[in-house]
Amino acid sequence: EVQLAQSGAELKKPGESLKISCKGHGYKFTNYWIGWVRQMSGKGLEWMALVHPGDSDTRYSPSSEGHVTISVDKSITTAFLQWRSLKASDTAMYFCVRSPTTIYFDAWGQGSLVTVSS
Amino acid sequence: QSALTQPASVSGSPGQSITVSCAGTSNDVGSFDYVSWYQQLPGKAPRLIIYDVNNRPSGVSNRFSGSKSGNTASLAISGLQSEDEADYYCSSLTTTTTLLFGTGTKVTVL
């Protein structure tokens, strides 16, 4: 069974750094893109970034590029999303996603809630 | 980039058929047959129900179907059931190789 197991909820202050993780299980990790989708409370879905574990090729949405960094460690079948300096507006649920082709997401993690508040 | 436009809400009675629209532009929906649809039950992660305009992943009910005409894609749900009550989102590849989601539609079963 395909599973994307995400790290737990985080409470951070503005300006702090953060790295959340997503471990893939039950499939050949290097055959699929893996990435992140954001959902602010009561709002819609926003695609943020994708990375290919085979060659570390990365894709970012225009609004995410420069603010977050996506990375992957294929030795532990885990993808990461990192912030160097969080803002209150980063408060959201972050879903890990798997993609066969970068065009659609055929598996989703359970979500990691990030709260940024002073 | 602006999100694809979906109606805020659509409702129907059990057994009826409903359609959810997803309006884009010639830079996204109109350029590729790469529209997908996701169902998000309350408090849950989204689930893929349609990809490449009209393909269903294994395990998805054939009551869900997709189509596209020009810059607008549509999701049809036939034989509406109470378990279909959820938020539905469309998504499309864009000409700048990014992915754009729709604004989301709340489907209510009366």
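Residues numbered from 1 in each chain as written. Chains lettered and ligands numbered in written order. Predicted model: local features only at pLDDT ≥ 70, side-chain atom pairs only at ≥ 80, totals over all residues. Heavy atoms only, no water.

**A word on the overall build of chain A**
Helices and strands together make up the secondary structure of chain A, namely zero helices and eleven strands. The N-to-C order of helical and strand elements in chain A reads β-β-β-β-β-β-β-β-β-β-β. Computed over the C-alpha atoms, the radius of gyration of chain A is 13 Å, within 12% of the 13 Å expected from 2.2 N^0.38 for a compact globule of 118 residues. A principal-axis box enclosing the C-alpha atoms of chain A has dimensions of 40 × 25 × 25 Å. Across the 118 residues in chain A, those meeting the buried criterion constitute 46%. Accessible area for chain A stands at about 5500 Å²; split by element, carbon and sulfur atoms hold 47% of it. When the 12 basic and 10 acidic side-chain charges of chain A are each reduced to a single mean position, those positions are 3 Å apart. (Helix = DSSP H or I, 4+ residues; strand = E, 2+ residues; numbered from the N terminus. Rg over C-alpha atoms; globule rule 2.2 N^0.38 Å. Buried < 20%, exposed > 50% of the residue type's maximum accessible area, 1.4 Å probe, protein only. Areas by Shrake-Rupley, 256 points an atom, 1.4 Å probe, with all protein chains shown as cover. Lys, Arg positive; Asp, Glu negative; His and termini not counted. Charge placed at Lys NZ, Arg CZ, Asp CG, Glu CD.)

**Some details on the side chain of Q39 of chain A**
With respect to the element layout, Q39 of chain A can be found in strand β4 (residues 33–39). The class of Q39 of chain A is buried, set by a relative accessible area of 11%. Setting aside its immediate chain neighbours within four residues, Q39 of chain A contacts G44, L45, A92, M93 and F95 of chain A together with Q40 and Y89 of chain B. (Contact = heavy atoms within 4.5 Å.)

**Looking at the sheet that holds strand β8 (residues 78–83) of chain A**
All names here are of chain A. With antiparallel pairing, the four strands of this open sheet are ordered in space as β1-β3-β8-β7. Sheet topology places β1 (3–6) and β7 (68–73) at the edges, where each strand pairs with a single neighbour. Adjacent strand axes in the sheet meet at a mean angle of 20°, parallel and antiparallel pairs treated alike. Note that β1 and strand β3 (residues 18–25) share four bridges and pair antiparallel. Within β3, the position partnered with L4 by the bridge is G24. (Pairing = 2+ DSSP bridges. Axes fitted to C-alpha atoms, helices over the stretch in contact; angles between N-to-C directions.)

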